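Residue-level structure breakdown
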Amino acid sequence: MNMQQPMQKPVKAPLVGEKLITAPILSTLLRLTVPNTIAMLATALAAVAETAYVGRLGVEPLAAMALAFPMVMLMQMMSAGAMGGGVSSAVSRAIGGGDIAKANALALHAIAIAVIAAAGFTLFFLTLGPAIYRLLGGSGGTLEQAVIYSNTLFIGALAIWLFNTLASVLRGTGNMAMPSLLGLLLAGFQVLLGGFLGLGFGSFAGIGIIGLAIAQVTAFGLAALVLLWYLISGRSRLVLRFRGVPFQRAMFVDILKVGAIACLSPLQSVLTVLIFTGLVARFGTEALAGYGIGARLEFLLVPIAFSVGVACVPMVGMAVGAGAVARARKVAWTAGAVAASALGLIGLVVVIAPESWSGLFTRDPAVLEAARQYLTAAGFGFPFFGIGLCLYFASQGAGRIVGPVLTATLRLVLVAAGGWWLSQIGAPVWTLFALAGVSMAAYGLATAATVHFTDWSKK
């Protein structure tokens, strides 16, 4: 008797995502984190070099850079961290589910989003940039220089959006090396070209602050072209094709349901800093300078947590795509522990010996005392900030970003409401600094709670 076996439905294999789904979590996470950290540090050094160049150009260009820089950083955070996380999340989940064709198509949709977003930034800041910088206190030559720098850079917004988007596509496949290598080369090239165009060399006198903007756009543009070639050439796990791939609403939604919501987070971060700076400014120049020294350390903490968080996005995304939700959660908690440990160690050092950081910037006793008060009062919040930011990225990988964005709102409300109340009762400045640490702790704990209670299984 001939028994015919029932046909089984073919199961999609994870294929290229298999290593990230089965490899040991901690060692894999650290391996992916290292190149990100190197690239982020190079980017930070490029920003320091650019500031040094502007300082040599004079006081007005330096003040102009202070006006425009937060807007440039906002675009960087949105394109690389927020929308970039949405791109990496969608690509990694598709690969984890074994749907390579979908991952390829998502890359094309991501480019379309980048083009539209870049055009929006260009139009917005060319139209409203002068009014914004005037509202922030710019006037005369400072305002003129800020507008020149801003217009030049935002005209080239597509270069920045395209590089960060294509880098996010590659990170979604688990390839951290290529984007990080290009980020390193980009930073070096930007420093050299910016110095040449801004300050001049030999018989070339330089063109001032506009040269620095041109250098940044040029560096990002060249790096974006290299990534585009890399994806088209077939050297990547994904092959980018511009023909035969129709645009589909569902694929835009797959990216934007994470990326668009995540864009609220950098907006809230910038607003939190602006509100807190305004509250501290009421206590005088020394207090503001001391807070500025402490806040500068916080800006260096972000790349550390960012590097770990970006590394865990494809690991979480592929695990969720493959249905391995328990592993995805383990990756998230492991990454959070790594970020919390690193930032907690830094926090412990500055709480015990705050002058080890503040002494690098000033010898003024009043400023040193203000910095000491800030670091000792807020330093305990650093590990909570690390776990919160890292779990924010892990949630991007899982496609469940609403909770972490709401916890960032909680931090903003705590700073605004708590700061207003402290100012009304005439509390000393150290209470504001303690509020900063409390808000970080609340952010980290609330984010951990949302991750714990949010269902990451595929719907």
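We now turn to the structure provided with this report. (Residues numbered from 1 in each chain as written. Predicted model: local features only at pLDDT ≥ 70, side-chain atom pairs only at ≥ 80, totals over all residues. Heavy atoms only, no water.)

Another aspect to go through is the nonpolar core. Tyr-133, Tyr-149, Trp-161, Phe-276, Tyr-374 and Tyr-392 are the most contacted members of the largest nonpolar core, which has 140 residues in total. Among the elements that take part in this core, helix α11 (residues 285-321) stands out by supplying 18 residues, more than any other. Residues within four places of Tyr-149 in sequence aside, it is in contact with Glu-50, Met-65, Ala-68, Val-72, Ile-209, Leu-212, Ala-213 and Gln-216. (Core = buried A, V, L, I, M, F, W, Y, C linked by side-chain atoms within 4.5 Å. Buried < 20%, exposed > 50% of the residue type's maximum accessible area, 1.4 Å probe, protein only. Helix = DSSP H or I, 4+ residues; strand = E, 2+ residues; numbered from the N terminus. Contact = heavy atoms within 4.5 Å.)

Turning next to the pattern of salt bridges. Under the counting rule described, the total for this entry stands at 4 salt bridges. Arg-372 is the partner of Glu-369 in a salt bridge, and the nearest nitrogen-oxygen pair spans 2.6 Å. Pair noted here: Glu-369 and Arg-372 are both in helix α14 (residues 365-378), with a separation of 3 residues, about one helical turn. By relative accessible area, Arg-372 is classed as partly exposed at 34%. A cluster of three or more residues bridged by salt bridges with shared partners is formed by Arg-93, Lys-102, Asp-254 and Lys-257. (Salt bridge = Lys/Arg side-chain N within 4 Å of Asp/Glu carboxyl O.)

Along the chain, Ser-88 turns up in helix α3 (residues 59-96). A polar contact of 2.7 Å, which involves the side chain of Ser-88, links it to the backbone oxygen of Ser-168. If near-sequence neighbours (up to four positions away) are discounted, Ser-88 is found in contact with Ser-168, Arg-171, Gly-172 and Val-313. (Polar contact = N/O pair within 3.5 Å; in protein donor to acceptor, adjacent residues only side chain to side chain.)

Here we take up empty space enclosed by the protein. As enumerated under the stated definition, the model contains 2 cavities of 30 Å³ or more in all. Broken down by secondary-structure element, the contributors of at least two residues to the lining of the largest cavity are α3, α6 (157-172) and α11. It is α3 that provides the largest number of residues to the lining of the largest cavity, a total of 5 residues. Tallied by class, residues from the lining of the largest cavity come to 4 nonpolar, 5 polar and 1 charged. There is about 40 Å³ of room inside the second largest cavity. If you go around the second largest cavity, the residues you meet are Ala-46, Glu-50, Tyr-53, Gln-190, Val-191, Gly-194, Leu-212 and Ala-215. Breaking the lining of the second largest cavity down by element, the ones donating at least two residues are α2 (25-57), α7 (177-199) and α8 (209-232). Broken down by class, the residue content of the lining of the second largest cavity amounts to 5 nonpolar, 2 polar and 1 charged. (1 Å grid on protein atoms, 1.4 Å probe; cavity = no way out; pocket = protein on both sides within 12 Å on 5 of 7 lines; lining within 4 Å. Points joined across faces, edges and corners; volume = space filled by probe spheres on them. Nonpolar A, V, L, I, M, F, W, Y, C, P; charged D, E, K, R; others polar.)

This part covers the packing of aromatic side chains. Under the counting rule described, the total for this entry stands at 14 aromatic pairs. Ring centres of Phe-121 and Phe-154 lie 6.4 Å apart, and the angle between their planes is 10°; on these two criteria the pair is classed as stacked. Note that Phe-121 is positioned in helix α4 (residues 100-135) and Phe-154 in helix α5 (residues 140-155), a separation of 33 residues in sequence. Neither Phe-121 nor Phe-154 differs from the other in exposure class; each is buried. Each ring, one from Phe-124 and one from Phe-125, has its centre 5.1 Å from the other, and the planes form 80°; the classification is edge-to-face. According to the relative accessible area criterion, Phe-124 is partly exposed, its value standing at 40%. We classify Phe-125 as buried; its relative accessible area is 3%. (Phe/Tyr/Trp six-rings, centres within 6.5 Å; stacked < 30°, edge-to-face > 60°.)

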